[in-house]
Amino acid sequence: MIGDGKDGEIYKVADDKVVKYFFKEETHQRELEAMQIGQTSSIMPRLYEFGDNYIVMEFVKGISLARHMKRQGQIDEDMTKKILFVLDEFKRLGFTRWDTEVRHMLMNEEGEFKVIDHKRAFTSDSPVPTKLFKGMKKFGLTGEFLEHVKNLNPELHYAWKKLK
Ligand SMILES: Nc1ncnc2c1ncn2[C@@H]1O[C@H](COP(=O)(O)OP(=O)(O)O)[C@@H](O)[C@H]1O
Ligand SMILES: [Mg+2]
């Protein structure tokens, strides 16, 4: 077992694959739908197989954004661009939740973010990434991140400020 959360248990089943077992069918359906729709995006782990209460997906080898912040103690402009790309992809895919948690953003060995745990993609409605901000705040890095956003995408920065 490599992970257990509130909604399931994750086991490594091959070098490059994990299986996620769900406690509830409803959660399974919700996450499966988001993952299927997300297959056109590089931010979504590959979906290999699914059945009654499980999903077999790509194992993302790497560290989470949470761990990255803890190690580096900073978010630079390049990292900000990568985070904004993830949020853009949520929009492009039609998700209504334009947010995720810092522990659910995993950076692989190629330096790309893959996001896991999509059960709330269509059931939450978050135009502003408040969960992400909260995760950054823990490391005192929200201000730094928002400064980069302001430089890279002033319209987005303004929209967040207005909607918050
Ligand atoms: N595809 C994956 N690749 C690598 N680790 C994963 C993967 N999916 C889940 N994990 C690990 O398992 C943990 C729990 O998974 P998650 O999908 O968040 O479960 P839950 O829905 O119960 O919250 C994650 O925090 C992560 O450490
Ligand atoms: Mg989770």
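Look a little higher up for the structure.
Residues numbered from 1 in each chain as written. Chains lettered and ligands numbered in written order. Predicted model: local features only at pLDDT ≥ 70, side-chain atom pairs only at ≥ 80, totals over all residues. Heavy atoms only, no water.

Asker: Requested: an account of the overall build of the protein, with residues and values cited.
Answerer: For the protein, the helix and strand inventory stands at six helices and eight strands. Written out in order from the N terminus, the α and β elements of the protein read β-β-β-α-β-β-β-α-α-β-β-α-α-α. By the compact-globule yardstick of 15 Å for 164 residues, the protein fits well, its C-alpha radius of gyration being 16 Å. Seen through its C-alpha atoms, the protein measures out along the principal axes to roughly 45 × 30 × 25 Å. Partitioning the contacts of the protein with sequence separation of at least 6, the portion at a separation of at least 24 is 63%. Surface exposure of the protein reaches about 9100 Å², of which carbon and sulfur atoms provide 48%. If the 28 positive side-chain charges of the protein are averaged to one point and the 27 negative ones to another, these points end up 6 Å apart. (Helix = DSSP H or I, 4+ residues; strand = E, 2+ residues; numbered from the N terminus. Rg over C-alpha atoms; globule rule 2.2 N^0.38 Å. Contact = heavy atoms within 4.5 Å. Areas by Shrake-Rupley, 256 points an atom, 1.4 Å probe, with all protein chains shown as cover. Lys, Arg positive; Asp, Glu negative; His and termini not counted. Charge placed at Lys NZ, Arg CZ, Asp CG, Glu CD.)

Asker: Outline the pattern of salt bridges, listing residues and values.
Answerer: Within the structure shown, the criterion is met by eleven salt bridges. Among the salt bridges present, the one from Asp 7 reaches Lys 119, with a minimum N-O distance of 2.7 Å. Taken together, the residues span a long stretch of sequence, with Asp 7 in the loop between strand S1 (3-4) and strand S2 (8-14) and Lys 119 in the loop between strand S8 (113-115) and helix H4 (130-137) at a distance of 112 residues. The pair formed by Asp 7 and Lys 119 is uniform in burial state, with each residue classed as buried. With its nearest N and O atoms 2.8 Å apart, the salt bridge here joins Arg 92 to Glu 89. Of the two residues, Arg 92 and Glu 89 are both situated in helix H3 (residues 77-92); the distance of three residues between them amounts to about one turn of the helix. Residue classification places Glu 89 among the buried positions, given a relative accessible area of 8%. Within this structure, Asp 7, Lys 20, Glu 31, Asp 117 and Lys 119 form a network of salt bridges that share partners. (Salt bridge = Lys/Arg side-chain N within 4 Å of Asp/Glu carboxyl O. Buried < 20%, exposed > 50% of the residue type's maximum accessible area, 1.4 Å probe, protein only.)

Asker: Any details on the pairing of strand S5 (residues 54-58)? Residues and values, ideally.
Answerer: Across the five residues that make up S5, a large majority, four, are buried. Note: strand S3 (residues 17-22) against S5, five bridges, orientation antiparallel. Residue pairing in the sheet places Lys 17 in a bridge with Glu 58 of S5. The sheet contact formed by strand S4 (residues 47-51) and S5 spans four bridges and is antiparallel. When the bridges of S5 are listed, Leu 47 appears paired with Met 57. A loop of two residues connects S4 with S5, the two strands running antiparallel in sequence. (Pairing = 2+ DSSP bridges.)

Asker: Explain the nonpolar core to me, using residue names and the numbers behind them.
Answerer: The biggest cluster of nonpolar side chains holds 39 residues, and the ones touching the most others in it are Leu 65, Ile 83, Phe 145 and Trp 160. The element best represented in this core is H3, accounting for six residues. Among all residues touching Leu 65, those that are not within four sequence positions of it are Met 79, Ile 83, Val 102, Met 105, Phe 113, Leu 132 and Met 136. (Core = buried A, V, L, I, M, F, W, Y, C linked by side-chain atoms within 4.5 Å.)

Asker: Now, about the site of ligand 1: what can you tell me, with residues and values included?
Answerer: Near ligand 1 there are 18 residues, and of these Lys 20, Glu 58, Val 60, Asp 117 and Lys 119 occur at the shortest range. In the environment of ligand 1, an oxygen atom lies 3.5 Å from a nitrogen or oxygen atom belonging to the backbone of Gly 5. Between ligand 1 and Val 60 there is a distance of 2.9 Å, counted from a nitrogen atom to a backbone nitrogen or oxygen. For ligand 1, the protein covers 86% of the area, taking 550 Å² as the surface of the free molecule. Of all the secondary structure elements, the ones that give two or more residues to the shell around ligand 1 are S2, S3 and S5. Residues belonging to the shell around ligand 1 are distributed by class as follows: eight nonpolar, four polar and six charged. Inspection of the shell around ligand 1 shows a minimum of three residues originating in each of domain 1 (3-58) and domain 2 (63-163). (Near = heavy atom within 4 Å. Polar contact = N/O pair within 3.5 Å; in protein donor to acceptor, adjacent residues only side chain to side chain. Nonpolar A, V, L, I, M, F, W, Y, C, P; charged D, E, K, R; others polar. Domains from an automatic or database assignment.)

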